[in-house]
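# Descriptive analysis of the structure
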Amino acid sequence: SSSSSGGDRSTTKWMVLAILVVQNSAATLLVSRSRSHGAVWNSQTAVILQEAIKAVLCIFLLLWEGGCSALKEALEPGAEALKTSIPALLY
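All chains use their own residue numbering, which begins from 1 and follows the written sequence. Restriction of local features to residues with pLDDT of at least 70 applies here, the model being predicted, together with a cutoff of 80 or more for giving and counting side-chain atom pairs; totals for whole chains, interfaces and linings are based on all residues. Here the side-chain values reflect all heavy atoms present in the structure, with hydrogen atoms and water set aside.

## Some thoughts on the overall build of the protein chain
Strands are runs of DSSP state E lasting at least 2 residues, helices are runs of H or I lasting at least 4, and numbering of each runs from the N terminus. Scanning the protein chain from N- to C-terminus turns up three helices and zero strands. Written out in order from the N terminus, the α and β elements of the protein chain read α-α-α. Atoms counted for the radius of gyration: C-alpha only. Globule rule: 2.2 Å times the number of residues to the power 0.38. Against the globule reference of 12 Å for 91 residues, the protein chain gives a C-alpha radius of gyration of 17 Å, more extended than a compact globule. If you line up the protein chain on its principal axes, its C-alpha atoms span 55 × 30 × 20 Å. With a 1.4 Å probe rolled over the protein chains alone, any residue whose accessible area is under 20% of its type maximum counts as buried; one over 50% counts as exposed, and the rest are partly exposed. A buried classification covers 8% of the 91 residues belonging to the protein chain. In this description, accessible areas are obtained by the Shrake-Rupley approach with a 1.4 Å probe, and a residue is regarded as covered only by the protein chains that are shown. By element, 68% of the accessible surface of the protein chain is carried by carbon and sulfur atoms, the whole surface being about 7,400 Å².

## Focus on the state of the cysteines
Cysteine sulfur atoms are paired as a disulfide whenever they come within 2.5 Å of each other. The tally for this structure, following the rule as stated, stands at zero disulfides. Here C58 is not disulfide-linked; the sulfur of C68 is the nearest cysteine sulfur, at 16 Å. Taking the relative accessible area as the measure of exposure, C58 reaches 36% and is therefore partly exposed.

## Regarding helix α3 (residues 79–90)
Taking 1.5 Å of rise per residue, the 12 residues of α3 would be expected to cover 16 Å, and the 18 Å separating its terminal C-alpha atoms lies within 8% of that figure. Burial analysis of α3 places just zero of its 12 residues in the buried class, which makes it a mostly uncovered element. One fewer than the residue count of a helix, multiplied by 1.5 Å, yields its expected span.

## Points about the pattern of salt bridges
The working definition used for a salt bridge is a side-chain nitrogen of Lys or Arg within 4 Å of a carboxyl oxygen of Asp or Glu. Under the definition given, this model contains one salt bridge. Note that E51 and K54 form a salt bridge whose closest N and O atoms lie 3.3 Å from each other. With E51 and K54 both in helix α2 (residues 43–75) and three residues apart, this pair spans about one turn of that helix. Given a relative accessible area of 40%, E51 falls into the partly exposed group.

## Notes on α2
With 33 residues, α2 ought to run about 48 Å at 1.5 Å a step, yet its terminal C-alpha atoms sit only 29 Å apart, falling short of that. The sharpest bend along α2 reaches about 125° and sits at G66. Within the sequence span of α2, burial applies to Q50, K54, L61, A70 and L71. In protein, a polar contact requires one atom able to donate a hydrogen and another able to accept it; more generally it is a pair of N or O atoms within 3.5 Å, and residues adjacent in sequence count only if both atoms are side-chain atoms. Two or three places before Q44, at the opening of α2, N42 has a side-chain oxygen 3.0 Å from that residue's backbone nitrogen. Bend at a residue means the angle formed by two fitted axes: the first through the 7 residues ending at that position, the second through the 7 residues beginning there.

## A closer look at the environment of M15
Positionally, M15 belongs in helix α1 (residues 2–36). Measuring from C-alpha to C-alpha, the distance between M15 and L61 comes to 9.5 Å, with 46 residues separating the pair along the chain. For M15, the contacting residues outside a window of four places in its chain are L61 and W64. Only heavy atoms enter the contact rule, under which two residues are in contact if any of them lie within 4.5 Å.

Structure below.
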């Protein structure tokens, strides 16, 4: 049964990667297209909205894959999470 669980996680990882690639590509194309049509807006707004969409999508996928326990596990602070949060907070 652990092999099926590993397969499910692998599939989810690839699905998340594909969604994030599509989202980042679409954001780049939409930003350049809207600017070429004369739209004026703050680029920081686009970045913040893009990160909010990623957060909602990741939470949804965690809940879909493992329910509330997966979300709780992902949000538990660990040594690795603290290490990776430093560059994110500095950004």
